[in-house]
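# Summary of structural features
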Amino acid sequence: MEPVLLVDNLTVAFPYRKSWLEAVRGVSFQLYPGETLALVGESGSGKSVTSAAIMGLIDPPARIQADRLLFEGKPLLRQSESQWRKLRGNRLAMIFQDSTTALNPVLRIGEQVMEPLLLHEGKDSTSARLEALAWLARVGLPQPDRVFHSFPHELSGGMRQRVVIAMALCCRPSVVIADEPTTSLDVTVQAQILQLLRSLQDEVGMAVLLITHDLGVVEEQAHRVAVCYAGEIVETATCEELFSNPRHPYTRGLLDSIPRLDRPVSKLTSIPGTPPSLHDPLPGCPFQPRCGPRLERCSREPAPEIEGVRCWLMEKEAAVESSAG
Ligand SMILES: Nc1ncnc2c1ncn2[C@@H]1O[C@H](COP(=O)(O)OP(=O)(O)OP(=O)(O)O)[C@@H](O)[C@H]1O
Ligand SMILES: [Mg+2]
């Protein structure tokens, strides 16, 4: 199966003083139709910058480089603004954590939800209106009819977030990038939205790139997980593998630092130290100063990627296994 989104060696740098600050470094992943890939990692690890780069939302003087960045097999970089407008909010949609800025304050909700249906789907206004109402109901908004005629300021933050989610999903995109989509919602609404995403995946084969801090959500929602650290992906694995057998020392620390129902709270630890500054990147592995089992070469050379894990310890393990076997 061909990936619907292919990111190969993506680097995003922002100008800083007379040099560059690399917020994302050599990130690669594939997203397949119908799957959910979760992007997890500490604050500042480059998750939002990665998604903004894919959505074409990073403007010069910032610099984006990639060996390949393909959506439905076609290059995303260097598209014209009019090509972007056709794609964005249609085949390729994004849900941000903060919905307030995505809505136009002077237009009624109904008009805003109808817009992508009129623009991208070419529907007439009667069927666009019916469909917009149906979507408002689908994202769990009570009294969709009343919401339809409201202005954004008349709704609560959680209601606005659901409107934005309805707008993102109503054209049945093939990829949705969801950056902390449900963080601002209460738990029952969150469960409802996640359920809606899953049912659309089954229905139309939509793929989701899910950015979240919540490992509970990841475990419930994702098929695969990519773990980010200091602008790099340090481990990619299926959800099952990652939770049962985390391999990168950072992933292990991350899982240990989060309370989980299946473990006693006394085991809770946090990773000592802080992530490296982007201003002076380390020559070797960015996690090396905080890594317990690090090797001498970890501070000198960037780690190779072995079986989805970017770590010198994997090479050592592989060597031990091959000499044993
Ligand atoms: N426009 C910008 N100019 C300069 N630096 C930026 C810009 N946008 C992001 N950065 C830097 O890039 C790094 C990655 O930021 P990013 O927002 O991707 O982190 P994140 O993983 O999404 O974190 P969070 O979990 O807090 O949302 C940060 O150090 C941030 O300060
Ligand atoms: Mg972010």
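Source: prediction; values computed, not measured.

### A few points about the environment of L87
For L87, the location among the structural elements is in helix α2 (residues 81–87). Sequence separation of L87 and A134 is 47 residues, and the distance between their C-alpha atoms is 23 Å. Those residues in contact with L87 that sit more than four places away from it in its chain are F71, L76, Q79 and L92.

### Comments concerning helix α6 (residues 157–169)
One turn of the α-helix equals 3.6 residues, which is why residues spaced by three or four share an orientation. With 13 residues, α6 should cover 18 Å at 1.5 Å per step; its first-to-last C-alpha distance of 19 Å lies within 8% of that length. Among the 13 residues in α6, 12 count as buried, and that is most of the element. Of all the positions in α6, only G158, M159, R160, Q161, R162, V163, V164, I165, A166, M167, A168 and L169 are classed as buried.

### A short note on the site of ligand 1
In the vicinity of ligand 1, the contacting residues are F14, A23, E42, S43, G44, S45, G46, K47, S48, V49, H213 and L278. Take G46: an N or O atom from its main chain is 3.0 Å from an oxygen atom of ligand 1. Within the side chain of K47, a nitrogen or oxygen atom sits 2.8 Å from an oxygen atom of ligand 1. For ligand 1, the accessible surface in isolation is 640 Å², of which the surrounding protein chains cover 59%. With three residues, helix α1 (residues 47–54) is the largest single contributor of residues to the shell around ligand 1. Across the shell around ligand 1, the residue classes tally to four nonpolar, six polar and two charged.

### Some remarks on the packing of α6 against helix α7 (residues 187–204)
Direction vectors running N to C along α6 and α7 enclose 0°, while the axes themselves pass 12 Å from each other. As far as their axial angle goes, α7 and α6 are roughly parallel. Listed contacts from α7 to R162, I165 and L169 of α6 are V189, I193, L196, L197 and L200. Among the residues forming the contact of α6 with α7, the class breakdown is seven nonpolar, no polar and one charged.

### A short note on helix α4 (residues 125–138)
With 14 residues, α4 ought to run about 20 Å at 1.5 Å a step, and its terminal C-alpha atoms sit 20 Å apart, in line with that. Listed in full, the buried residues belonging to α4 are A128, E131, A132, W135 and L136. Seen end-on, α4 carries its buried residues on one side only, within an arc spanning 145°. In α4, the exposed positions angled more than 90 degrees off the buried face are occupied by T126 and L130. Where α4 is buried, its residues touch α3 (109–119), α5 (144–148), α6 and α7. Between a side-chain oxygen at the N-terminus of α4 and the backbone nitrogen of T126 the separation is 3.1 Å; the capping residue is D124.

### Focus: the pattern of salt bridges
Scanning the entire structure with this criterion turns up 18 salt bridges. Residue R172 is joined to E131 by a salt bridge in which the shortest nitrogen-to-oxygen separation is 3.9 Å. Of the two residues, R172 is situated in the loop between α6 and β8 (175–179) and E131 in helix α4; the sequence distance between them amounts to 41 residues. A residue is classified by how much of its surface remains accessible, and R172, at 30% relative accessible area, is partly exposed. A relative accessible area of 18% places E131 in the buried class. Ionic pairing is found between R297 and E301, a salt bridge with its closest N-O pair at 3.6 Å. Relative accessible area serves as the criterion here: at 28%, R297 is assigned to the partly exposed category. Taking relative accessible area as the criterion, E301 reaches 28% and is therefore assigned partly exposed.

### A few points about the packing of aromatic side chains
Per the stated rule, a full pass over the model turns up three aromatic pairs. Ring plane angle 85° and centroid distance 5.1 Å describe the contact between Y229 and F287, whose orientation is recorded as edge-to-face. Here the residue Y229 occupies a position in strand β10 (residues 224–229), and F287 occupies one in the loop between α10 (249–256) and β12 (305–306), the gap between them amounting to 58 residues. By the burial criterion, Y229 is buried, and F287 matches it. Their ring planes at 65° and their centres at 5.4 Å tell us that Y250 and F287 sit as a pair that is edge-to-face. One end of the pair, Y250, is in helix α10; the other, F287, is in the loop between α10 and β12, and 37 residues separate them in sequence. With respect to class, Y250 is no different from F287; both count as buried.

Parameters at a glance
Residues numbered from 1 in each chain as written. Chains lettered and ligands numbered in written order. Predicted model: local features only at pLDDT ≥ 70, side-chain atom pairs only at ≥ 80, totals over all residues. Heavy atoms only, no water. Helix = DSSP H or I, 4+ residues; strand = E, 2+ residues; numbered from the N terminus. Contact = heavy atoms within 4.5 Å. Expected span 1.5 Å × (residues − 1). Buried < 20%, exposed > 50% of the residue type's maximum accessible area, 1.4 Å probe, protein only. Near = heavy atom within 4 Å. Polar contact = N/O pair within 3.5 Å; in protein donor to acceptor, adjacent residues only side chain to side chain. Areas by Shrake-Rupley, 256 points an atom, 1.4 Å probe, with all protein chains shown as cover. Nonpolar A, V, L, I, M, F, W, Y, C, P; charged D, E, K, R; others polar. Axes fitted to C-alpha atoms, helices over the stretch in contact; angles between N-to-C directions. Parallel < 35°, antiparallel > 145°, perpendicular 65-115°, else oblique. Arc of directions from axis to C-beta. Salt bridge = Lys/Arg side-chain N within 4 Å of Asp/Glu carboxyl O. Phe/Tyr/Trp six-rings, centres within 6.5 Å; stacked < 30°, edge-to-face > 60°.

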